[in-house]
Amino acid sequence: MDVLLTLDRAFLIGAAVTMRTISENADPSRQLRFHILHPDLTDEDIERLRSSVAPRLSATSVTATRLDLALFKGFLRSKSISLTAYARLLAGDVLPSTISRAVYVDVDVLFYPDISELFDLDLQGKAVAGVPNGSTEDQVANAKRIGTDASSYVATGLLIIDLDRWRNERLGERALSFAGSSKHLLTLHDQVALNWVLRGDFFALSEKWCHWSSHPPVAEARVIHYAMSRKPWHADYRGGYREDFFAVLDRTSFAGWRPKNLLGLAPLIASARRRIPYAPTVVRMVLKLFRRD
């Protein structure tokens, strides 16, 4: 079972937790292969992620490939979303051609089910499966905003990818081309680009596969997604499932790690820094206003 993860060092702690929960709950009789795509992890970082994987009966491997962010030169980024977010669109290029299916997972999730439930899912001829993003009305509005008439819109935090179809239909290549030429539409970066290409043609998963930590707990949730800009490893995180996150972290090579408190000032400092506008975004908004005039 092949799992694709994309991250930079800012998400190292989250990746350790995500990999731990996936490996703890995966069918122990099946091989599990993590493929990490990154721009800046050190050898020590990668070894710590390997050490964070739960012991299993069957083989587990962790392969790391360095990403050149120059591939995304000129693409839209924001204060909380780096250029690394576009890396998932390279799935068909970075994974060996012998791999015909992969599960992509964001590295800010708790993954409670056996991942084989997704890996073995019948995609009914679709190239991609994922959880629809928001209500039906929200999906239609998001699709219209990017210039399609699709009635559905997929969230890209968890994807099952038929790599053969992905490559044959050049989905990643086309999405990256759109991202490079249509920055003004990329309110959600790579997610917008992939939805522009898919135009609603994906297999919809139940919402239980992407339960936001900011929402009230529900018994049927299978994957908890810390989807907002504040993550449990940030000093100013006050969202749900914080204790669950650190309980898992303490089973990884980062056991005992906690965000610095600085005599209680760290949360205040982190919150203050978030209020500082991201300069490229300010420039983009000003230029947008001038274009309207």
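The notes below deal with the structure included here. (Residues numbered from 1 in each chain as written. Predicted model: local features only at pLDDT ≥ 70, side-chain atom pairs only at ≥ 80, totals over all residues. Heavy atoms only, no water.)

So, on to unusual backbone geometry. For residues that are not glycine, phi is negative in most cases, and the peptide bond is trans in most cases. Positive phi is not limited to glycine here, since Arg199 has a value of about 50 degrees. Looking at the element boundaries, Arg199 is found in the loop between helix 8 (190–198) and strand 8 (203–204). Backbone geometry at Tyr241 places phi at a positive 60 degrees, although glycine is not the residue there. Its location among the elements puts Tyr241 in the loop between strand 10 (223–225) and helix 9 (242–249). Accessibility expressed as a relative area gives 15% for Tyr241, which makes it buried. (Helix = DSSP H or I, 4+ residues; strand = E, 2+ residues; numbered from the N terminus. Buried < 20%, exposed > 50% of the residue type's maximum accessible area, 1.4 Å probe, protein only.)

Take the nonpolar core next. Core analysis: the largest hydrophobic core is formed by 50 residues, its most contacted members being Leu5, Phe34, Val105, Phe111 and Ile115. The biggest single contributor to this core is helix 1 (residues 12–25), with 7 residues. Those residues in contact with Ile115 that sit more than four places away from it in its chain are Met1, Val3, Ile22, Ala26, Leu32 and Val103. (Core = buried A, V, L, I, M, F, W, Y, C linked by side-chain atoms within 4.5 Å. Contact = heavy atoms within 4.5 Å.)

Further remarks concern helix 5 (residues 136–145). In an α-helix, one full turn covers 3.6 residues, which means residues spaced three or four apart are oriented alike. Along helix 5, the positions that sit buried rather than exposed are Gln139, Asn142 and Ala143. Seen end-on, helix 5 carries its buried residues on one side only, within an arc spanning 100 degrees. Turned more than 90 degrees away from the buried face of helix 5, the exposed residues are Glu137 and Lys144. Lining the buried residues of helix 5 we find strand 6 (128–132). Once helix 5 ends, the next one or two residues include Gly147, with phi positive near 90 degrees. (Arc of directions from axis to C-beta.)

Turning our eyes to something else, we now look at the environment of Leu49. Tracing the backbone shows Leu49 in helix 2 (residues 43–52). The sequence separation of Leu49 and Arg20 amounts to 29 residues, and the corresponding C-alpha distance is 8.9 Å. Residues contacting Leu49, with those up to four places away along its chain left out, are Leu12, Ala15, Ala16, Met19, Ile36 and Leu41.

Let us look at the packing of helix 1 against helix 2. Orientation of helix 1 relative to helix 2, taken along the N-to-C sense of each, is 25 degrees, at an axis distance of 8 Å. By the angle class used here, helix 1 and helix 2 are roughly parallel. Judged by the twist between their axes, the crossing of helix 1 over helix 2 is right-handed. Together, Leu12, Ala15, Ala16, Met19 and Arg20 of helix 1 and Asp45, Leu49 and Ser52 of helix 2 make up the contact between the two elements. For the contact of helix 1 with helix 2, a count of residues per class yields 5 nonpolar, 1 polar and 2 charged. (Axes fitted to C-alpha atoms, helices over the stretch in contact; angles between N-to-C directions. Parallel < 35°, antiparallel > 145°, perpendicular 65-115°, else oblique. Left-handed = near helix turned anticlockwise from the far one by under 90°. Nonpolar A, V, L, I, M, F, W, Y, C, P; charged D, E, K, R; others polar.)

Our focus in this paragraph is the pattern of salt bridges. Applying the stated criterion across every chain, the model contains 16 salt bridges. Arg88 is the partner of Asp106 in a salt bridge, and the nearest nitrogen-oxygen pair spans 3.3 Å. Pair noted here: Asp106 is in the loop between strand 4 (101–105) and strand 5 (109–111) and Arg88 is in the loop between strand 3 (60–66) and helix 3 (91–94), with a separation of 18 residues, a long-range link. Note on accessibility: Asp106 and Arg88 belong to one class, buried. The closest approach of N and O atoms between Asp164 and Arg167, which form a salt bridge, is 4.0 Å. Of this pair, Asp164 and Arg167 are both found in helix 6 (residues 163–168), 3 residues apart, which corresponds to roughly one turn of the helix. Arg167 gets classed as partly exposed once you look at its relative accessible area, which sits at 23%. Where salt bridges share partners, they join Arg20, Glu24 and Arg251 into one cluster. (Salt bridge = Lys/Arg side-chain N within 4 Å of Asp/Glu carboxyl O.)

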